[in-house]
Each structure stands twice: as C-alpha cells, then as structure tokens.
Amino acid sequence: MRYNLFYNFHLLNQTWDMIPDDLWRKLLSEYFHPGDAVGFKGLSRLVDIEKYGLLEGVSLVPAGTIQYRPYCISAAVRDIENYQEQVLLFAWNQRMQTLLQQVSLSELCPDNEFVPTEELVFTRGEQLLMTASNVDQHLCFYQLSYSEKRMLESLDLGIQQGLIEA
C-alpha cells in the first residue's frame, strides 16, 4: 500500500507550509535501519558524486541501483506513464544519517551545490521504501505496514491528517 504525506495540502488546513526539520530529523533517525539504502535523484554514476558537496570527503561504497518513478518528471519526457530513472544507492548508516540531518527537506534543489537533487530515494533490500521531494514538500511511503504507519504517527500528530493513501 502506498501513502503520500503532504503537509502543505490545502484541504488539510495544516499550519505548516513545509515538513518541519524536527520531524525530518526524527524520521531519519527512527524510520531507517542498517541494511537500508539511500539514493539521490540525478546521481546514477559514482563519477558524478563530486557534484555533491554534502558527500565531499566521505568514503561511500555503492549498494546497488534502483529504477523508480520520480515524483517530479521533466516536461521533456514523452512517455510519462512509463518513465523511470535509475539511481545509485548508498548504504544507510550513522554517517549517512548525520549527513542528511544537516539538510532541510526544503534545501533539496538541483541548483544547490551542497545537495543538487530535488528528491531522495530510500530502499529496504530491493524494495522502494520512501521518496522525499522538495516539490510540494512531499514524502511518499511504499508498502507501509500497519505498525510502521503507527510508528510514523507517533512521531508527530500532524502525520495522521497528512498521510493520504494513494
């Protein structure tokens, strides 16, 4: 089952314009586990890592790749229904958690030299787990179990209203 989390969804009458940094940091520390992986939209080859100031000087070993349908697709794409991107994945560990906790979700932007992407991709094994996008301040959870949903709701009361089944 897929769930979308929008905090600026106009029908929800939320007071936040964006997902709060405190919630973002809690999510990074409590939802992901060793063995999970993270990727950056637009980073499909290790040689391109030099563009990411966030990862400068950090020894990262790729943990594979994943094909996924991004939240934001360029208007130049002809077959939007079948479009997928390949993303290089890196193992989730304390170092990666610490690096990503330095970045606000609102800072994800292709023009940002520190982290030039508009979307992060999280996996568990070969399964897409979550995507996080600055576009619409959007989190999308895939195959969310009942216990994971309850755990997310315990992180912040706003999640109950903002989590929409897709």
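The rules behind each value
- Residues numbered from 1 in each chain as written.
- Predicted model: local features only at pLDDT ≥ 70, side-chain atom pairs only at ≥ 80, totals over all residues.
- Heavy atoms only, no water.
- Helix = DSSP H or I, 4+ residues; strand = E, 2+ residues; numbered from the N terminus.
- Buried < 20%, exposed > 50% of the residue type's maximum accessible area, 1.4 Å probe, protein only.
- Areas by Shrake-Rupley, 256 points an atom, 1.4 Å probe, with all protein chains shown as cover.
- Pairing = 2+ DSSP bridges.
- pLDDT = per-residue confidence, 0-100.
- Contact = heavy atoms within 4.5 Å.
- Phe/Tyr/Trp six-rings, centres within 6.5 Å; stacked < 30°, edge-to-face > 60°.
- Lys NZ or Arg CZ within 6 Å of the ring centre and 35° of its normal.
- Core = buried A, V, L, I, M, F, W, Y, C linked by side-chain atoms within 4.5 Å.

1. Some remarks on the overall build of the chain
For the chain, the count of helices and strands is four helices and eight strands. Along the chain, helices and strands appear, N-terminal first, in the series β-α-β-β-β-α-β-β-β-α-α-β. Taking all 166 residues of the chain together, 48% fall into the buried category. Total accessible area on the chain stands at roughly 8,800 Å², and carbon and sulfur atoms take up 48% of it.

2. What about the pairing of strand β6 (residues 127–133)?
Most of β6 sits inside the fold, with six of its seven residues counted as buried. Turn length for the strand β5 (residues 119–124)-β6 hairpin, with the two strands adjacent in sequence and antiparallel, is two residues, and the turn residue Gly125 shows positive phi of about 65°. Both β6 and strand β7 (residues 138–141) contribute to a ladder of four bridges, which runs antiparallel. Bridge pairing in β7 places Ala132 opposite Leu139. Counted between consecutive antiparallel strands, the loop separating β6 from β7 contains four residues, among which Asp136 sits at a positive phi close to 65°.

3. Here we look at unusual backbone geometry
Even without being glycine, Gln143 reaches a positive phi, approximately 50°. Mapped onto the fold, Gln143 is located in the loop between β7 and α3 (146–155).

4. Overview of the confidence of the model for the chain
Taken residue by residue, the chain gives an average pLDDT of 84. The fraction at 70 or more is 89%. When pLDDT is averaged over each element of the chain, strand β2 (residues 36–40) comes out on top at 95 and strand β1 (residues 3–6) at the bottom at 64. A low-confidence stretch, residues 8–13 (pLDDT under 50), is modelled with seven contacts involving residues beyond four sequence positions or located in other chains.

5. A look at the packing of aromatic side chains
All told, the structure shown has six aromatic pairs when counted by the stated rule. On the basis of an interplanar angle of 80° and a centroid distance of 5.2 Å, the ring pair of Tyr31 and Phe32 is categorised as edge-to-face. Accessibility classification places Tyr31 together with Phe32 in one group, the buried group. An aromatic cluster of three or more residues is present, and its members are Tyr31, Phe32, Trp92, Phe122 and Phe141. Over the face of the ring belonging to Tyr31 we find Arg124, whose NZ or CZ atom lies 6.0 Å from the ring centre.

6. Quick notes on the side chain of Thr123
When you line up the elements, Thr123 lands in strand β5. Once residues lying within four places of it in the same chain are set aside, the contact partners of Thr123 are Asp36, Ala37, Ile66, Leu89, Leu128 and Leu129.

7. Some remarks on the nonpolar core
If you look at soluble globular proteins, the nonpolar side chains tend to sit buried side by side. Counting residues in each nonpolar core, the largest one holds 37 residues, and the members touching the most others are Trp24, Leu27, Phe40, Leu100 and Phe122. Those elements that place two or more of their residues in this core are α1 (21–30), β2, β4 (85–91), α2 (94–101), β5, β6, β7 and α3. Looking at this core element by element, the count peaks at four residues for α1. With sequence-adjacent residues up to four places away left out, Phe122 is seen in contact with Trp24, Leu28, Phe32, Ala37, Val38, Trp92, Leu100, Gln127, Leu128, Leu129, Met130 and Ala132. With nine residues, the next largest nonpolar core counts Ala37, Leu89, Leu128 and Cys140 among its residues.

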